[in-house]
Amino acid sequence: MNRVCVFAGSNKGNRPEYAAAARELGGAILEQQLGLVYGGGNVGLMGVLADTVMSGGGHAIGVMPEALVAKEVAHRGLSELRVVKSMHERKAMMAELSDAFIAAPGGFGTFEELCEAITWTQLGLHRKRCGVLNVDRFYDPLLQLIDRAVEEGFIRPDSTQIVVNHADPAALLDQLAEPFRAPGAVWLLDPAET
């Protein structure tokens with residue numbers, strides 16, 4: 001694993017633990033000598049993470065649609081800022097540049113980006129593991145929803161290995177670096193399995 005893509009909130013959230021976890025994740029990325037790929041923002045948890053990586057001498061690539069650059073939320077102190085036309089191009093480029101994905105706490109955009117990365121692995125469009133930085137059990141409801149979807153026959157049991165979770169950023173990075181056998185690109189359940 002050379003680069004990790006992190007999806008994170010454009011706000012810091014209501015609890016200081018979220019920003020502390022973003023700083024800790026930035027430190028773990030530096031310690032493991034990984035590059036950061038992220039949404040390119042200078043605000044919220046995105047900004048905290050990028051500032052940590054850059055101040056530690058790391059390499060950070062931001063990918064941002066030109067409409068958001070025009071709103072002056074782009075981080076101007078990155079190793080690279082790649083400006084694209086659309087959110088679709090942004091996600092495709094972030095996926096192309098990354099070897100794994102992490103979702104830190106965030107909102108709708110973070111959830112959507114994580115689910116798309118998981119789906120791309122499930123469909124066989126890439127073979128990249130996804131993780132959630134489960135700060136103070138933030139992602140427990142999502143993990144419970146995934147388990148429920150397995151129980152109800154909407155997700156194959158072997159597809160759950162795509163997503164790992166940990167509250168400790170260094171441990172999460174270690175989990176993402178472990179080899180895994182991506183499930184086959186078969187997402188439809190066999191009627192005999194239901």
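Coordinates for the structure precede this section.
Since the structure is predicted, the reported quantities are computational estimates derived from the model, not experimental observations.

K.L.:
Describe unusual backbone geometry, naming the residues involved and giving the relevant values.
P.N.:
Positive phi values are uncommon outside glycine, yet Gln-33 reaches one of about 55 degrees. With respect to the helices and strands, Gln-33 occurs in the loop between helix H1 (16–31) and strand S2 (35–38). Residue classification places Gln-33 among the exposed positions, given a relative accessible area of 72%. Residue Arg-137 is not a glycine yet carries a positive backbone phi of 65 degrees. Tracing the sequence through the fold places Arg-137 in the loop between strand S6 (130–133) and helix H6 (140–151). On the basis of relative accessibility, which here comes to 62%, the residue Arg-137 falls in the exposed class.

K.L.:
I'd like to hear about the side chain of Glu-113, residue by residue, with values.
P.N.:
The topology assignment puts Glu-113 in helix H5 (residues 108–123). Buried charge without a partner: Glu-113 forms no salt bridge, and the closest opposite charge is Arg-90, 4.2 Å away. With near-sequence residues (within four places) excluded, Glu-113 lies in contact with Phe-7, Arg-90 and Lys-91.

K.L.:
A description of the packing of aromatic side chains should follow, citing residues and the corresponding values.
P.N.:
Given two aromatic rings, their pairing is described by the distance between the two centres and the angle made by the two planes. One pass over the full model with this rule turns up 4 aromatic pairs. Between Tyr-18 and Phe-138 the ring centres are 5.8 Å apart and the planes differ by 75 degrees, which places this aromatic pair in the edge-to-face class. Remark: Phe-138 occurs in the loop between S6 and H6 and Tyr-18 occurs in helix H1; sequence separation between them is 120 residues. Looking at Tyr-18, the relative accessible area reads 12%, which means it is buried. Given the relative accessible area of 27%, Phe-138 is considered partly exposed. Between the aromatic rings of Phe-111 and Tyr-139, the centroid separation amounts to 6.4 Å while the plane-to-plane angle is 80 degrees, which identifies the pairing as edge-to-face.

K.L.:
Help me get a handle on the sheet that holds strand S1 (residues 3–7), residues and values and all.
P.N.:
Taking strand neighbours across the sheet as the criterion, the 7 strands line up as S4-S3-S2-S1-S5-S6-S7 in an open arrangement whose pairing is parallel. Bordering the open sheet on either side are strand S4 (80–84) and strand S7 (163–166), each of which pairs with just one other strand. Averaged over all pairs of adjacent strands, the angle between strand axes in this sheet comes to 25 degrees, irrespective of strand direction. When S6 meets S7, the two strands line up parallel, connected through 4 bridges. Each residue of the ladder has a partner; that of Leu-133, found in S7, is His-166. Across the sheet, H5 touches S1, strand S5 (100–103), S6 and S7, and the angle it forms with S6 is around 150 degrees. Its contacts with the sheet place helix H7 (residues 169–177) against S1, S5, S6 and S7, and it is angled at close to 160 degrees to S7.

Criteria and thresholds
- Residues numbered from 1 in each chain as written.
- Predicted model: local features only at pLDDT ≥ 70, side-chain atom pairs only at ≥ 80, totals over all residues.
- Heavy atoms only, no water.
- Helix = DSSP H or I, 4+ residues; strand = E, 2+ residues; numbered from the N terminus.
- Buried < 20%, exposed > 50% of the residue type's maximum accessible area, 1.4 Å probe, protein only.
- Lys, Arg positive; Asp, Glu negative; His and termini not counted.
- Salt bridge = Lys/Arg side-chain N within 4 Å of Asp/Glu carboxyl O.
- Contact = heavy atoms within 4.5 Å.
- Phe/Tyr/Trp six-rings, centres within 6.5 Å; stacked < 30°, edge-to-face > 60°.
- Pairing = 2+ DSSP bridges.
- Axes fitted to C-alpha atoms, helices over the stretch in contact; angles between N-to-C directions.

It is worth stressing that arrangement in space is one thing and function is another; only the former is reported here.
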